[in-house]
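Spelled out from the first residue to the last, the chains are:
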Amino acid sequence: MSEETGRELSRRRVLAGSATVALAGAVTGSVAGALGGVAAAEEVSGRIGKPTVTPDDPRYAQLITGNNSRWTARPEAIQLVGGTNDVVAAVQGAVRAGKRISIRGGGHCFEDFVYHPEVQVVIDMSRMDRVYWDPAMGAFAVEGGALLLDVYDRLFKEWGVTLPGGMCYSVGIGGHVSGGGYGLLSRVHGLTVDHLHAVEVVTVDRSGVARAVIATRDPNDPNHDLWWANTGGGGGNFGVITRYWFRSPGATGTTPSDLLVKPPAEVIVSVVQFPWSSIDRTAFTRLVHNYGAWHEANGAPGGANIGLSSFFSLYHRSNGNLVMLTVQDASVPNAAGLLQDYLAAITAGTSVVPSPASAPRRLPWLAATRLLGTSNPVLTNPTLRGAHKSTYMRKNFPAAHIAALYKHLTRADYANPMAMVTMLSFGGNINRVRENATANGQRDSTFKLLYQVFWTEQAEDPRHIGWLRDLYREVYADTGGVPVSNAVTDGCYVNYPDGDLRDPAQNTSGVPWSTLYYKGNYPRLRQVKARWDPRDVFRHSQSIELP
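Scoring rules and cut-offs
- Residues numbered from 1 in each chain as written.
- Predicted model: local features only at pLDDT ≥ 70, side-chain atom pairs only at ≥ 80, totals over all residues.
- Heavy atoms only, no water.
- UniProt positions renumbered as here; feature names shortened; annotations may be inferred.
- Pairing = 2+ DSSP bridges.
- Helix = DSSP H or I, 4+ residues; strand = E, 2+ residues; numbered from the N terminus.
- Axes fitted to C-alpha atoms, helices over the stretch in contact; angles between N-to-C directions.
- Contact = heavy atoms within 4.5 Å.
- Buried < 20%, exposed > 50% of the residue type's maximum accessible area, 1.4 Å probe, protein only.
- Expected span 1.5 Å × (residues − 1).
- Arc of directions from axis to C-beta.
- Salt bridge = Lys/Arg side-chain N within 4 Å of Asp/Glu carboxyl O.
- Parallel < 35°, antiparallel > 145°, perpendicular 65-115°, else oblique.
- Left-handed = near helix turned anticlockwise from the far one by under 90°.
- Nonpolar A, V, L, I, M, F, W, Y, C, P; charged D, E, K, R; others polar.

In the annotation of an unreviewed UniProt entry, the entry for the protein reads FAD/FMN-containing dehydrogenase, and the organism field reads Saccharothrix saharensis. Listed under Cofactor (unreviewed entry) in UniProt, the entry text for the protein is "FAD". Recorded under Sequence similarities (unreviewed entry), the UniProt text for the protein is reproduced unchanged: "Belongs to the oxygen-dependent FAD-linked oxidoreductase family."

Right, let's talk about the sheet that holds strand β5 (residues 131-134) for a bit. Spatial ordering of the open sheet is given by β5-β6-β9-β7-β8, a layout of five strands whose pairing is antiparallel. Taken across any chain shown, the strands that pair with only one partner, and hence form the sheet edges, are β5 and β8 (210-216). Taken over all neighbouring pairs, the strand axes of this sheet differ in orientation by 25° on average, direction set aside. Of the pairings in the sheet, the one linking strand β7 (residues 196-204) to β8 comprises seven bridges and is antiparallel in character. Bridge pairing links Val201 to Val213 in β8. Packed on one face of the sheet, helix α5 (residues 84-97) meets β7, β8 and β9 (240-246) and runs near 35° to β7.

Turning to the pairing of strand β6 (residues 139-143), a few remarks are in order. Side-chain positions along a regular strand alternate between the two faces of the sheet. With respect to burial, β6 is a largely interior element, five of its five residues being buried. In terms of strand pairing, β5 meets β6 through four bridges, oriented antiparallel. If you follow Tyr132 over to β6, its bridge partner there is Ala141. Hairpin connection, β5 to β6: the antiparallel pair is bridged by four residues, and Gly138 has positive phi, about 65°. Summarising the sheet, β6 and β9 pair through four bridges and their orientation is antiparallel. Within the sheet, the bridge partner assigned to Ala141 lies in β9 and is Trp245.

Turning our eyes to something else, we now look at helix α14 (residues 461-475). With 15 residues, α14 should cover 21 Å at 1.5 Å per step; its first-to-last C-alpha distance of 21 Å lies within 8% of that length. Of the residues making up α14, those classed as buried are Asp461, His464, Ile465, Trp467, Leu468, Leu471, Tyr472 and Val475. Summarising the axial view, the buried residues of α14 lie within an arc of 155°, below the 170-degree limit, and thus occupy one face. Buried positions along α14 lie against β15 (385-393), α13 (399-409), β16 (419-425) and β17 (447-455).

To continue, consider the pattern of salt bridges. A complete count under the given rule lists 26 salt bridges for this structure. Taking the shortest distance from any N to any O, the salt bridge between Asp153 and Lys157 comes out at 3.2 Å. Of this pair, Asp153 and Lys157 both sit in helix α6 (residues 148-159), four residues apart, roughly one helical turn. The exposure class of Lys157 is exposed, given its relative accessible area of 58%. Through salt bridges with shared partners, a single network forms among Arg394, Glu435, Asp444, Asp490 and Lys519.

Remark on secondary structure: sheet strands pair via backbone hydrogen bonds, oriented parallel or antiparallel. Read across the sheet, four strands follow the order β1-β2-β4-β3 without closing on themselves; strand pairing throughout is mixed. Looking at strand neighbours, the two that pair on one side only are β1 (52-53) and β3 (101-104), the edges of this open sheet. The sheet contact formed by strand β2 (residues 77-80) and strand β4 (residues 121-124) spans four bridges and is parallel. Considered in β4, the bridge of Gln79 is made with Ile123. Strands in contact with α5 are β2, β3 and β4; relative to β4, the strand with the most contacts, it is inclined by about 170°.

Relative orientation of the contacting elements α13 and α14 amounts to 160°, with a least axis distance of 8 Å. Classified by the angle between their axes, α13 and α14 sit roughly antiparallel to one another. The two elements α13 and α14 cross, and the hand of that crossing is right-handed. Side by side, α13 and α14 meet where His401, Ala404, Leu405, Lys407, His408 and Leu409 of the first sit next to Trp467, Asp470, Leu471, Glu474 and Val475 of the second. Taken together, the residues of the contact of α13 with α14 sort by class into six nonpolar, two polar and three charged.

Laid out in structure tokens, this is it:
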């Protein structure tokens, strides 16, 4: 046994006699027996033991809020779990004591799902961050607290493979994957969940017993429904996700480097700015229309341009610029030409000349991933407050949508350089998968929209939230203030949660928030909830409802 392992075991014995572990509780004999193999693996890892942080601990203030400082909590305890056994014990103890649970992964939840006034025990997954090849499962294991950039780094350096996941480096894998997961490689390789082989979840049964369950994508697996629910059902709904296993569908053999997608060796990264000083209503309309038109024309699976993904941020005029990031797979024929054709398509019919932030750069894929993932100052500012909304786009913008965007992005009575609407590439091979094959049902969209605004002072909440609400409500005025599923729009992304969707003052469409997120998959998600969380232990302000 290593010295580190000995220290952890000693600490666990000390904690076992303290009042804090009275909250965590003991694992029942049946659960302990079922997890014997897991316990052995955790002893090898040297991370057994779950430090408990209470309000008198100097660490407490650092652990009661996430990246959005609008949301804070005053829990009785924060359990810094180190392995699956720890999670089972923490959940069991909270259930026995009647304590409200929430789960923190990377801390990027946009809403109050983790930090809210009712939470009493936060299960913090940040110590569970291992990424390794699991020969018994024949898949890559990733623990639920790992951050995206660490996952990419380990998978690529060890085996030359990756996942088609998000760009932000500090997003936690647990919530990202359970909501579907997508990023710059998704037009080629699909959503992150399209490569999900299995998932380990700590659940609570009807009698109140916590246990770890493994569910796989094998349709004959008796736990298959739990796997399916975690392919887009969203975090914090069915249990605590302790591990994922990834293996691309159809992959054969036993060589790890052959069993998950490989990123391109190089990519071309382009960042251009469109100065507001050269953009009037006509030019803005054409730029936004051109973006939508290109993506509608290139949104089908298998197209020649699926190796290109582009995020176009329409900042409020007070910022001074619109900014477009484009990443092109450099390995495809005429890659540089495809990128130039795209930039020309976006500016076609305008006199706007974008100014390159720098010349397009060829970079190794991992270097580009690091650069893009860590260069956003929003991700590293702990004082920011934020509000967010989203839309899946099946077709290009109607004229009324663009007019509303222009109106609110140029309002003279509002100024905020961090207010924006970002258009995000989607479609391509994401759309190869059937709508009900995973819980993520939006499988024929071509691009997405992320409406967001950031600020620092609590006193300014009404002004900034009000601006975002006005914008969103006017864009979708003809469908009740939200993007219902129709020929143009297809609801909202559950990983960009928006509490306003369940507010009848903001959503007058008659379409519930659950349909906007989950479409026709919601009834099945409720049945999974009834089976795996019948006591509604895992819940938040927009959690899956029991039947």
